[in-house]
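Each chain, letter by letter, is given below.
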Amino acid sequence: MGMLSRLATVIKARMNQILAQSEDPAALLDYSYEKQRELLNDVKRGIVEVVTSRRRLELQAGKLRANLGKLEQQSRDALGAGREDLARLAIQRKQAATQQLEGLEAQIGDLETEQQKLQAAEAKLTAKVEAFRSRKELTKAQYSAAEAQVRIGEAATGLSEEMASVGLAIERAEHKTQDMRARASAIDELVEAGTLEELGSPAADRLDRELAQMTATQNVEAELAALKQQVHAPEARP
Amino acid sequence: MIVRILDEGQYRLDSRFVDRLNEIDDMLVAVVAGSGAGSFDALFAQMLELVRTNGEPLGDSELAVSDVVLPSPSMGQDDLRALFTDEGVVPG
C-alpha cells in the first residue's frame with residue numbers, strides 16, 4: 001500500500017466520522033456549523049498555545065544570549081589574569097550555551113511556521129463554510145428537493161474533507177507544542193541545575209566565585225601596594 | 001482530478017499525471033522499506049512540485065472531494081510513520 005492510499009484512508013476515516021453524525025442533510029448542515037465553530041475554537045486555542053510556547057522559548061533564548069556575553073567577558077578577564085583554567089571553563093560553558101541557543105532558534109522558527117499555518121487554515125475553513133451556506137441556499141431555490149439533497153450532500157462531503165484536514169493540522173500543532181513544552185522544561189532544569197546558570201545569580205557557581213575571588217585578591221594587592229607607597233614614601237625623603 | 005496537499009490546499013490536476021504520482025509513490029514506499037534508491041525528501045519534493053507546477057489551485061468557494069491526498073510539505077518521513085501508526089493503519 002502506497003503512502004498516498006494510506007493517507008487517503010486516514011482522511012476518509014475522519015470524513016466519515018464527521019459525516020456519520022447525521023444522515024439527514026438538514027441535520028448535517030447544522031452539524032457542519034457546529035463542527036466549524038468547534039474547529040475554529042480549536043484553531044484559536046492552538047494558536048494561543050503556539051504563541052505561548054514561542055514566547056517561553058524566546059525568553060530562554062534571551063537569557064542564553066545574555067550569558068554568552070558574560071561568559072565571553074569572563075573568559076577574557078580570566079585569561080588577562082593568567083587563569084587559563086578559568087578561561088577554559090568559561091569557553092566551555094559558552095559553547096554549550098551556543099549549541100542550546102541554535103536549537104532554540106530553530107524551534108522558534110518552527111513554531112512561527114506552525115502559527116502561520118493554523119491562521120491560514122482558519123481563514124480557509126471560514127471561507128469554505130461560508131461557501132457551503134450560500135451553496136445550500138442557492139441549491140434549495142434552484143433544484144427539486146431530491147436533486148438539492150444530492151448536491152448539498154456533495155458539497156457537505158467536500159466541506160468534511162476540509163474539516164478533516166484542519167483537524168489533522170491542529171493535532172500536529174498540538175503535538176509540536178507538547179514537544180516544545182517538554183524541551184522548554186528540560187532547559188529550565190538545566191538552568192536550575194547550574195549547567196547554564198546565569199552568572200552572578202545568588203547561587204554563584206565556582207567560576208563566578210573564583211573570578212570574584214581573583215578580583216578581590218587583585219584589589220587587596222593593589223590597596224596594599226598603595227598603602228606601602230604611602231607608608232614607605234616619607235622614609236625615602238631626605 | 002482533484003489533488004489536495006495537506007496544509008496547503010486543493011489543485012485541479014490533469015489525470016494524465018496520475019501515473020507519475022503513483023510511480024513516485026512506489027519509489028517512496030521502496031525508500032521507506034529500505035530497498036529504494038534516492039532520498040525520501042527529494043522524492044516527496046518531486047511529488048509536490050508535480051502538483052504545484054501542473055495543477056490549478058481551487059478557489060476557496062469550491063467544495064470538492066479530493067481524489068488524491070498528499071502529505072503536508074512540512075511532514076517528514078517520521079511524521080508520516082507516526083500518522084499511520086496513530087490511525088492504526090497497518091504498514092506494508
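See the structure printed just above.
Residues numbered from 1 in each chain as written. Chains lettered and ligands numbered in written order. Predicted model: local features only at pLDDT ≥ 70, side-chain atom pairs only at ≥ 80, totals over all residues. Heavy atoms only, no water.

Visitor: Just to check I follow, could you spell out helix α1 (residues 18-33) of chain B for this structure?
Guide: Residues three or four positions apart in an α-helix share a direction because the helix packs 3.6 residues into each turn. An ideal rise of 1.5 Å per residue puts 22 Å on 16 residues; α1 of chain B measures up with 22 Å between its terminal C-alpha atoms. Among the residues of α1 of chain B, those classed as buried are L21, I24, D25, L28 and V31 of chain B. Each buried residue of α1 of chain B lies within a common arc of 120° when the element is viewed along its axis, so the set occupies one face. Facing away from the buried side of α1 of chain B, by more than 90 degrees, are the exposed residues D19, D26 and A33 of chain B. Turning to α1 of chain B, the residues buried within the fold contact α1 (3-19) of chain A together with α2 (40-54) and β4 (68-70) of chain B. Phi for G34 of chain B, located one or two positions after α1 of chain B, is positive at around 90°. (Helix = DSSP H or I, 4+ residues; strand = E, 2+ residues; numbered from the N terminus. Expected span 1.5 Å × (residues − 1). Buried < 20%, exposed > 50% of the residue type's maximum accessible area, 1.4 Å probe, protein only. Arc of directions from axis to C-beta. Contact = heavy atoms within 4.5 Å.)

Visitor: What exactly am I supposed to notice about the nonpolar core here?
Guide: Soluble, globular proteins show a tendency: their nonpolar side chains are buried together. Counting residues in each nonpolar core, the largest one holds 63 residues, and the members touching the most others are M3 and L125 of chain A together with L21, M47, V51 and L70 of chain B. Elements that contribute at least two residues to this core include exactly α1, α2 (25-80), α3 (84-142) and α4 (145-193) of chain A together with β1 (2-5), α1, α2 and β4 of chain B. At 12 residues, α4 of chain A tops the list of elements feeding residues into this core. Counting residues domain by domain, this core receives three or more from each of domain 1 (2-159) and domain 2 (161-196) of chain A. When near neighbours in sequence (up to four residues on either side) are disregarded, L70 of chain B contacts L4 and L7 of chain A together with V3, R4, I5, L6, M47, L48 and V51 of chain B. (Core = buried A, V, L, I, M, F, W, Y, C linked by side-chain atoms within 4.5 Å. Domains from an automatic or database assignment.)

Visitor: Honestly, the packing of α1 of chain A against α1 of chain B in this entry has me stumped. Any pointers?
Guide: The description of two helices packed together rests on the angle between their axes and the distance between the axes. As a packed pair, α1 of chain A and α1 of chain B sit with axes 8 Å apart at the nearest point and diverge in direction by 95°. Relative to α1 of chain B, the element α1 of chain A is oriented roughly perpendicular. Here α1 of chain A contributes M3, L4 and S5 of chain A to the contact with α1 of chain B, which in turn contributes L21, D25, L28 and V29 of chain B. Across the contact of α1 of chain A with α1 of chain B, the residue classes tally to five nonpolar, one polar and one charged. (Axes fitted to C-alpha atoms, helices over the stretch in contact; angles between N-to-C directions. Parallel < 35°, antiparallel > 145°, perpendicular 65-115°, else oblique. Nonpolar A, V, L, I, M, F, W, Y, C, P; charged D, E, K, R; others polar.)

Visitor: For this particular structure, what's the right way to read the packing of α1 of chain B against α2 of chain B?
Guide: Residue and element names in this part refer to chain B. Running from N to C, α1 and α2 point in directions that differ by 165°, and their axes come no closer than 9 Å. As judged from the angle between their axes, α1 and α2 are roughly antiparallel. Regarding α1 and α2, the two cross each other, and that crossing is left-handed. Where α1 abuts α2, its residues R20, L21, I24, D25, M27, L28, V31 and V32 lie against F40, L43, F44, Q46, M47, L50 and V51. (Left-handed = near helix turned anticlockwise from the far one by under 90°.)

Visitor: What am I meant to see in the interface of chain B and chain A here?
Guide: Frequently, the measure chosen for interface size is the accessible area that the parts lose on association. Listed per partner, the contact involves 36 residues of chain B and 29 residues of chain A. Here chain B packs against chain A, burying approximately 2900 Å² in sum over the two surfaces, 61% of which is carbon and sulfur. Connecting chain B to chain A are four salt bridges. Among the ionic pairs, E162 of chain A bridges to R4 of chain B, the shortest N-O distance being 2.9 Å. Our count for the chain B to chain A interface comes out at 13 residue pairs in polar contact (both at pLDDT 80 or more). (Buried area = accessible area lost by both parts, 1.4 Å probe. Salt bridge = Lys/Arg side-chain N within 4 Å of Asp/Glu carboxyl O. Polar contact = N/O pair within 3.5 Å; in protein donor to acceptor, adjacent residues only side chain to side chain.)

Visitor: It is not clear to me how the pairing of β1 of chain B should be interpreted in this structure. Could you clarify?
Guide: A regular strand places its side chains so that they alternate between the two faces of the sheet. Residue and element names in this part refer to chain B. Residues I2 and R4 point to one face of β1 and V3 and I5 to the other, with burial holding for every one of them. Here β1 pairs with strand β2 (residues 9-12) via four bridges, running antiparallel. Across the sheet, residue I2 finds its bridge partner in β2, namely R12. Here β1 folds back onto β2, and the loop between the two strands holds three residues, one of which, D7, carries a positive phi near 70°. (Pairing = 2+ DSSP bridges.)

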